Amino acid sequence: MLPSSSTQSRWFSGGLAALCIGTPPAMAQITEDWSRHFRLGAQVALNLKADFKIGGQFGVSGSNPGSVGTRGQERIFDDGYVRVDDTGNAGGYTTEWGYENPAQYDAANNRLLMHSTESFATQDNEITRDGGPQVGLDLAYGTELLLWGRTLIGWDFGFSYLPINIEDNRPLQATLSRRQYWFSTDGITFFPDAPYQGGTGGTGPAIDDLAQDGGLEAPISGIIRGTRELDLTLYNFRLGPTFYWDLGRRWSLQSSLGVAMGLITGDYAFNERATTSNGGTALNSGSIGTTDVVFGGYANTTLLWHTSQRADLFVGAQFMTLGDSQVREEQGGRAARLEMGRGIYLSAGVNWAF
């Protein structure tokens, strides 16, 4: 015999009361307190590395000796200069010239020697540099999907902006190829001692500005000093499921994992100085641009402290693996590779639940 309708109503009311009494208060409010969230904070990336490789023959961008047999040119050498003064090098002479070493002046033949490095060669060299802490910005947005036992399950979309700068400043042994240029010093009665730097005003000893080709000198050993650096920006996108647990009245824990994609833009820049034991410095600088897309995955955990204004303060830790990104000259022996396979990202900021 089936129970009467009044009996069924009493059973349903009693079962509903028992269910409400048996539900923990925190779980009863979890969907009300955490239906959607937006998180914004600072991020520090650790364990990013860069491999720098260099080897081969390289031109020198700072060489500007001008052309032989032509007057009125701006000439910059490793160990001096012969430029156009305020008179426009009237009569083929300029007061804007200078040199560094006494050995450059050949008093017997009334001429001054200048050197210009045309190229340098290095053996293959490769080194890995640790990037140290890299500071950026991180944000995330997510919503709930369902409550499973004491766990709230949702999804999370994250974005981070991370400038990355990793530098290689080791000195490199090199062989320099240099060309010699001669300038006549006829007419200078009292030749200034080295080092000398003439001015632009047209006063002072004037030197003939016509360069004479002295030919290539024998290859000479030198050292390349300066920096080679990756100056990049990582735009990172993340998407995956999120798990949320209330730990009490003020504390909660959130974990997520999923897929990640990184867009990398920037440059591999170099700023070098080639020097030799007998003096002179050749400057070499330039950059190689890059844009790359890499893929990977992530897992993170975030601890939240609830304030009384429906906002949370949070700290988080994230492990992310992304593919390597490489920058290489189309023709030449320069290359650099950014390694992001074991990145650790720490973050802290504010989370708003709504």
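This text goes with the structure placed above it.
A. Up close: the overall build of the chain. The helix and strand inventory of the chain stands at two helices and 21 strands. Here the C-alpha radius of gyration of the chain, 35 Å, is well above what a compact globule of 354 residues would show, namely 20 Å. Taking the principal axes of the C-alpha coordinates as reference, the chain spans close to 130 × 40 × 25 Å. The buried share of the chain, reckoned over its 354 residues, is 42%. Considering only intrachain contacts with a sequence separation of at least 6, the fraction spanning at least 24 residues in the chain is 78%.

B. Highlighting the environment of Y141. One can find Y141 in strand β9 (residues 134-148). Overall, Y141 belongs to the partly exposed group, its relative accessible area being 29%. Distance in space between the C-alpha atoms of Y141 and L247 is 21 Å, their sequence separation being 106 residues. In this structure Y141 touches R36, H37, F38, W155, D156, F157 and F354, once residues within four positions along its chain are discounted.

C. Representation of the nonpolar core. If you look at the biggest cluster of nonpolar residues, it comprises 23 residues, and the most contacted ones within it are L230, L234, L338 and M340. Looking at this core, the elements with two or more residues in it are β2 (49-59), β10 (151-168), β15 (220-246), β16 (251-276), β17 (281-306), β18 (311-322) and β20 (334-339). Among residues more than four places away in sequence, those in contact with L230 are A50, F52, I164, N165, I166, D267, Y268, V327, A336, R337 and L338. The next biggest cluster of nonpolar side chains, apart from the first, holds 13 residues, and it includes V82, W97, Y99 and M114.

D. Looking closely at the pattern of salt bridges. Counted by the stated rule, this structure contains 18 salt bridges. Its salt-bridge partner being D106, residue R111 comes within 3.3 Å of it at the nearest N-O pair. The residue R179 makes a salt bridge to D213 at a minimum N-O spacing of 3.2 Å. Of the two residues, R179 sits in strand β11 (residues 172-184) while D213 sits in strand β14 (residues 212-216), which places them 34 residues apart along the sequence. A single network of salt bridges, built from pairs that share partners, joins R129, D168, R170, R228, E272 and R334.

E. Region of the structure containing the side chain of S184. Along the chain, S184 turns up in strand β11. At a separation of 3.3 Å, a polar atom in the side chain of S184 contacts the main-chain amide nitrogen of D186. When near neighbours in sequence (up to four residues on either side) are disregarded, S184 contacts N110, R111, I207, D208 and Q212.

F. Up close: the side chain of D106. Within the secondary structure, D106 is located in strand β7 (residues 105-106). Separated by 3.4 Å, the side chain of D106 and the backbone nitrogen of A108 make a polar contact. Residues in contact with D106, not counting those within four places in the same chain, are R111 and W182.

G. Region of interest: the sheet that holds strand β4 (residues 80-82). Strand order across the open sheet formed by four strands is β3-β4-β6-β12, with antiparallel pairing between neighbours. Two strands in the sheet have a free side with no partner beyond their single neighbour: β3 (75-77) and β12 (196-197).

H. Quick look at unusual backbone geometry. Following A194, the chain continues to P195 via a peptide bond in cis, the omega torsion being -5°. Residue position: P195 is located in the loop between β11 and β12. A positive phi angle, close to 70°, is found at N47, a residue other than glycine. For N47, the position within the fold is in the loop between β1 (36-46) and β2. Overall, the relative accessible area of 30% leaves N47 in the partly exposed class. The phi torsion at N89 lies on the positive side, around 60°, for a residue other than glycine.

I. Up close: the environment of Q254. Secondary-structure assignment places Q254 in strand β16. A relative accessible area of 2% places Q254 in the buried class. Between the C-alpha atoms of Q254 and T151, which are 103 residues apart in sequence, the distance is 9.9 Å.

J. Region of the structure containing a nonpolar patch on the surface. On the surface, a nonpolar cluster with roughly 500 Å² of combined accessible area is contributed by F38, L40, L137, Y161, W352 and F354. Residue classification places F354 among the partly exposed positions, given a relative accessible area of 36%.

K. Broad picture of the pairing of β11. Of all 13 residues that make up β11, ten are buried, and the element is covered over most of its length. Two elements, strand β8 (residues 111-130) and β11, share ten bridges in a ladder whose sense is antiparallel. Paired with T117 across the bridge in β11 is R178. In the sheet, β11 pairs with β15 via five bridges, with the strands oriented antiparallel. Residue L172 lies in a different strand from β15, and its bridge partner there is I224.

About the thresholds
- Position labels on residues start from 1 in each chain and follow its written sequence.
- For a predicted model such as this one, the threshold for reporting local features is a pLDDT of at least 70, and the threshold for listing and counting side-chain atom pairs is 80 or more; totals across whole chains, interfaces and linings nevertheless cover every residue.
- Hydrogens are left out, water is left out, and the side-chain values use all remaining heavy atoms of the structure.
- The secondary structure listing takes helices from DSSP runs of H or I that are at least 4 residues long and strands from runs of E that are at least 2 residues long, numbered from the N terminus.
- Throughout, the radius of gyration refers to the C-alpha atoms, and the reference size of a globule is 2.2 Å times the residue count to the power 0.38.
- Here's how the labels work: a residue is buried when its accessible area is under 20% of the maximum for its type, exposed when over 50%, partly exposed in between, all with a 1.4 Å probe on protein chains only.
- Residue contacts are counted whenever heavy atoms from the two residues lie within 4.5 Å of one another.
- In this description, a nonpolar core means a group of buried Ala, Val, Leu, Ile, Met, Phe, Trp, Tyr and Cys residues linked to one another through side-chain atoms lying within 4.5 Å.
- We count a salt bridge whenever a side-chain nitrogen from Lys or Arg sits within 4 Å of a carboxyl oxygen from Asp or Glu.
- Definition of a polar contact: a pair of N or O atoms within 3.5 Å, with one able to donate and the other able to accept a hydrogen when the atoms are protein atoms, and with sequence-neighbouring residues admitted only if both atoms are side-chain atoms.
- Should DSSP find at least two bridges between two strands, the strands are regarded as paired.
- What goes into a patch is any residue over 30% in relative accessible area without a salt bridge, connected to like charges within 9 Å or, for nonpolar side chains (Val, Leu, Ile, Met, Phe, Trp, Tyr), within 5 Å.
- Here, Shrake-Rupley sampling with a 1.4 Å probe gives the accessible areas, and only protein chains in the shown set may cover a residue.

Read these as layout, nothing more, since geometry by itself doesn't imply function.
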